[in-house]
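Coordinate inspection notes
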Amino acid sequence: EVKRGDYPQARQRLGKVSKRGVAGLAAPLLDAWMMFGAGDARGALAKLRQGNADDGLAQLRLYHEAMMLALSGQNPEAARVMRREVSGDAPAPLRFVQAMAAIDVAAGRQPEALELLRRQVAMGDEYGTLAEMLRSAEAGHLPPLPVNGPAAGIADALLGIAEALSQQRAAPGLLEQRLRS
């Protein structure tokens, strides 16, 4: 249904999936993107904001909120949400940096986008991806949003949940507890 853009039907199917385990973790994010795809951006954003702050997915929900806001043309609000996730002295996840740079560019703040990329490269760039993104941006090829629509949002949400679960191997925590419920 998602490939065809039939988001109402996809939401009905999602409603029949178990709310336990990984499916229970993924369902709210997937449902929000399906709502967004069906034209209910306000409802989708509200769904994301209802998340449990203690489930280990708060940062992922904020990122997806920023993506929905940016796709809706609400770049100042998207920047406000995303900037919290990329500021500070620690490297941010690559797609968060790409998202913030793309949002800054869309809002007419190319110098801020370049500065963000430079700062993140200086903090470490294990695979050279940020350095390449910076070189490309300095040449005038600015990064696109990592999520370009609802189907990509769904895929990105699943990737983000998989990454969160992978990180739990080293430090079992809230996600592991949630999976047991």
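Residues numbered from 1 in each chain as written. Predicted model: local features only at pLDDT ≥ 70, side-chain atom pairs only at ≥ 80, totals over all residues. Heavy atoms only, no water.

1. Thoughts on the overall build of the protein
Note the threshold: For the purposes of this entry, the term helix denotes a DSSP run of H or I that reaches at least four residues, the term strand denotes a run of E that reaches at least two, and both are numbered from the N terminus. Contacts between residues were defined by any pair of non-hydrogen atoms, one from each residue, lying within 4.5 Å. The Shrake-Rupley method, run with a 1.4 Å probe sphere, supplies the accessible areas, and residue values consider only the shown protein chains as cover.
The helix and strand inventory of the protein stands at ten helices and zero strands. Listing the helices and strands of the protein from first to last along the sequence gives α-α-α-α-α-α-α-α-α-α. Taking contacts inside the protein between residues at least 6 apart in sequence as the whole, the part at least 24 apart equals 58%. Counting only carbon and sulfur atoms, one obtains 52% of the accessible surface of the protein, whose full area is about 9400 Å².

2. Observations concerning the confidence of the model for the protein
To keep things clear, this is the line we draw: Across the chain, each position has a pLDDT score giving the predictor's confidence in that residue, from 0 to 100.
For the protein, the average pLDDT comes to 85, and 90% of its residues sit at 70 or higher. Looking across the protein, the model is least confident in helix α10 (residues 174–180), with a mean pLDDT of 53, and most confident in helix α3 (residues 41–49), with 95.

3. Concerning the layout of surface pockets
A probe as big as a water molecule, rolled over the atoms, marks out the empty space that is left. For the record, the criterion: Here a cavity denotes grid points, spaced 1 Å and computed from the protein atoms alone, that fit a 1.4 Å probe unable to get out, and a pocket denotes an open set having protein on both sides within 12 Å along at least 5 of 7 lines; residues with an atom within 4 Å of a point are the lining. Grid points are joined across faces, edges and corners, and a volume is the space filled by probe spheres set on the points. Residues were grouped as follows: Ala, Val, Leu, Ile, Met, Phe, Trp, Tyr, Cys and Pro as nonpolar; Asp, Glu, Lys and Arg as charged; and all remaining residues, including Gly, as polar.
Empty space within the second largest pocket amounts to approximately 210 Å³. Lining the second largest pocket, in full, are Pro 91, Ala 92, Pro 93, Leu 94, Gly 124, Asp 125, Glu 126, Tyr 127, Thr 129 and Leu 130. Of the residues that constitute the lining of the second largest pocket, the class distribution is six nonpolar, two polar and two charged.

4. Examining the nonpolar core
What counts, and what does not: Only buried Ala, Val, Leu, Ile, Met, Phe, Trp, Tyr and Cys residues count toward a nonpolar core, and they belong to the same one when joined by side-chain atoms within 4.5 Å. Categorising residues by exposure relies on relative accessible area from a 1.4 Å probe, with only protein chains included: less than 20% of the type maximum marks a residue as buried, more than 50% marks it as exposed, and the intermediate range marks it as partly exposed.
In terms of nonpolar packing, the biggest core is built from 49 residues, with Tyr 63, Met 67, Met 68, Met 82, Ile 103 and Leu 117 touching the most fellow members. With ten residues, helix α2 (residues 21–37) is the largest single contributor of residues to this core. When near neighbours in sequence (up to four residues on either side) are disregarded, Met 67 contacts Trp 33, Ala 99, Ile 103, Leu 145, Pro 146 and Val 147.

5. Overview of the packing of α3 against helix α4 (residues 58–71)
In plain terms, the rule: With axes taken as lines fitted to C-alpha atoms, and helix axes fitted only over the stretch in contact, angles between N-to-C directions fall between 0 and 180 degrees. An angle below 35 degrees is treated as roughly parallel, one above 145 as roughly antiparallel, one from 65 to 115 as roughly perpendicular, and anything else as oblique. Crossing handedness is defined as follows: a turn of the near helix away from the far one that is anticlockwise and smaller than a right angle gives a left-handed crossing, while the clockwise case is right-handed.
The interhelical angle for the contact between α3 and α4, taken along N-to-C directions, is 165°, at an axis separation of 9 Å. Accordingly, the angle class assigned to the pair α3 and α4 is roughly antiparallel. Crossing geometry of α3 relative to α4 is assigned as left-handed. On the side of α3, the interface is formed by Ala 44, Leu 45, Leu 48 and Arg 49, while α4 contributes Arg 61, His 64, Glu 65, Met 68 and Leu 69. Here the contact of α3 with α4 is composed, by residue class, of five nonpolar, one polar and three charged.

6. With respect to the environment of Leu 14
Along the chain, the position of Leu 14 falls in helix α1 (residues 7–15). For Leu 14, a relative accessible area of 12% corresponds to the buried category. Sequence-wise, Leu 14 and Pro 28 are 14 residues apart; in three dimensions their C-alpha atoms are separated by 9.6 Å. Contact partners of Leu 14, with chain neighbours within four places excluded, come to Lys 19, Ala 27, Leu 30, Asp 31 and Met 34.

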